[in-house]
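Each chain, letter by letter, is given below.
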Amino acid sequence: MHPFASYVLRSYYRATGWNEDNLYANLTRSSNAILDFSVPRGLHLSISKAPNGLFNTSYSMNAMPSLNGSVGYIFTSCNLDVKSSGSVRLKDMVERFKVYDQPRRPEGKGEEWLAGERVDTRDYLLYGRLYLPTGRLDALYSTRLSPTLQALVAAISDPRSTLSSEKRSRGDNVSNVMFSLQHDIGKWCSEYTYSAEDGMWGMRVLHNFGRLRNPTEPPEDLNSSPGTRPKRVDEEEATGGGLKGRVSAGAEFYISAKERSAGVSTGIRFTTLPDATPPSFQLPQPSSSPLAQSSRSPPSQPPTTITALFNPMMGHISAAYAARVSRDLSMCSRFDFNVYSYDSEWTMGAEWWMRRAASKHEDELEPSPIPPEQPSAPVPQAESVDIPSDIRGVVKARISTNNNVSLMWEGRLKQMLVSLGFVSDLSSRSKPIKAIGLELSYFSAG
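Residues numbered from 1 in each chain as written. Predicted model: local features only at pLDDT ≥ 70, side-chain atom pairs only at ≥ 80, totals over all residues. Heavy atoms only, no water.

Participant: Could you give me a rundown of the packing of aromatic side chains, with the residues and numbers involved?
Facilitator: With the rule as written, the count across this model stands at nine aromatic pairs. Taking the centre distance of 6.3 Å and the plane angle of 40° together, the rings of Phe75 and Tyr124 count as tilted. Of this pair, Phe75 sits in strand β3 (residues 68–76) while Tyr124 sits in strand β6 (residues 124–132), and the two are 49 residues apart along the sequence. A connected cluster of aromatic rings, assembled from ring pairs, spans Phe4, Tyr7 and Phe443. Residue placement shows Arg136 over the ring face of Tyr131; its charged tip is 5.7 Å from the ring centre. (Phe/Tyr/Trp six-rings, centres within 6.5 Å; stacked < 30°, edge-to-face > 60°. Helix = DSSP H or I, 4+ residues; strand = E, 2+ residues; numbered from the N terminus. Lys NZ or Arg CZ within 6 Å of the ring centre and 35° of its normal.)

This is the structure in structure tokens:
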């Protein structure tokens, strides 16, 4: 389950029109949602409040295995539509498999003028969290410098960083400041980072192949036959079979002068077309618009994402295949291999969305009226027509060749979001259950 602060940050990106999915760091986001979900440890409670669209507060406490807590505050320059835990769309609070938006150039907000002077300001977000009793302080500042440029400053202040280097080498956190500059033009997205603690410079770049679609242009109908539209001069004959989609490729490079080390990795991703979900930063289209009409048709091929990563310096290769095999079931498989040590691991996982039985909401899933001369469209299976009250929860499971098994359920009970899961080690007879946890989250708005 996403923390309340992450939910507000995603709402801020959606309100300002920034596409966080078009980053190299999120290249494997679809497969990670199924295979790398985080199981709560112990008992975790969190209460949050959004008194208005600009200011948000959050309080959390870990009761087991040790008692600690934190207090967080978030302020934004733009009004955010933050829902309560009882009314928020459950799929917006869960990291899940989906085919992300087709990349497009971000659009900034319009200019505002008053008495001949421009009065609009840059959008920004301020976040801070204090952990007790350790006294650690986390901070984040994000602002839009231009429609295609975003800057972030993240900082950690930990009193334990004054310990000796021997104690810090055992895993204690240290104070640090990190600067990040993201430049997104749709087809290309680059990110430049600097970490002050270890003097590390980094650069990430992602390129999306193919033509970018205009936000108002309806997606291509893969079910249409070539004879229903004029053929271009440079168009090749269509071949049957296979998946149709788009390809993205990227790389990252980082170097640390203080540690005298460097690293590099490269990756590629294939996703099917048309997009399985509408653009995250677009409002629902009117039922008469071409984009809304096209979203009602069922996908002609299963939503699929295929990714591959390679780190030549570490010799690590990772390949993952994820697909939605039905409306409520998604499955993923990943193979990791090291060319130097010959160590390998095979991980499989699935997520299953639980729904209530058919009810009075069935009539809301019927397509809009269509003239008699046109064939009626079948009932869509796209997730864009999901009714919030129809989803009860999601069950996630994963198993790997290292004998680790994880199972987690996330859902809503009354007005509270709940996560319950455990991690098991099948090879250990003395301690088969490695971790078990329960997380309860409640937040209100207005």
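Participant: Could you give an account of the pattern of salt bridges, naming the residues involved and the relevant values?
Facilitator: Going through the model one piece at a time under the given rule, you end up with 15 salt bridges. Among the ionic pairs, Glu20 bridges to Arg10, the shortest N-O distance being 3.8 Å. Separated by ten residues along the polypeptide, Glu20 in the loop between α1 (4–16) and α2 (29–35) and Arg10 in helix α1 bring together distant segments of the chain. According to the relative accessible area criterion, Glu20 is buried, its value standing at 18%. Residue classification places Arg10 among the partly exposed residues on the basis of a relative accessible area of 22%. Where Arg10 meets Glu95, a salt bridge forms, and the shortest distance between an N and an O atom there is 2.9 Å. Note that Arg10 is positioned in helix α1 and Glu95 in the loop between β3 and β4 (113–114), a separation of 85 residues in sequence. (Salt bridge = Lys/Arg side-chain N within 4 Å of Asp/Glu carboxyl O. Buried < 20%, exposed > 50% of the residue type's maximum accessible area, 1.4 Å probe, protein only.)

Participant: Would you mind going over a nonpolar patch on the surface in detail, with residue names and values included?
Facilitator: Taken together, Phe335, Trp346, Met348, Ile399 and Leu426 make up a surface patch of nonpolar side chains, about 480 Å² in accessible area. Within the fold, Phe335 resides in strand β16 (residues 329–338). Accessibility expressed as a relative area gives 41% for Phe335, which makes it partly exposed. (Patch = residues over 30% accessible without salt bridge, like charges linked within 9 Å, V, L, I, M, F, W, Y side chains within 5 Å. Areas by Shrake-Rupley, 256 points an atom, 1.4 Å probe, with all protein chains shown as cover.)

Participant: Lay out the pairing of β16 with the relevant residues and their values.
Facilitator: Burial of β16 is one-sided: the residues Ser330, Cys332, Arg334, Asp336 and Asn338 facing one way are buried, the residues Leu329, Met331, Ser333, Phe335 and Phe337 facing the other way are not. Here strand β15 (residues 316–324) runs beside β16; their pairing, made up of nine bridges, is antiparallel. Pairing of Ala323 across the sheet is with Met331, part of β16. The pairing of β16 with strand β17 (residues 344–355) spans nine bridges and is antiparallel. (Pairing = 2+ DSSP bridges.)

Participant: So what's going on with the pairing of strand β2 (residues 55–64)? Which residues, and what values?
Facilitator: The pairing of strand β1 (residues 42–50) with β2 spans seven bridges and is antiparallel. Bridging across to β2, Leu45 finds its partner in Met61. By the bridge criterion, eight bridges tie β2 to β3 in an arrangement that is antiparallel. Across the sheet, the residue bridging to Phe55 is Phe75, located in β3. The turn joining β2 and β3, which pair antiparallel and follow one another in sequence, is formed by three residues.

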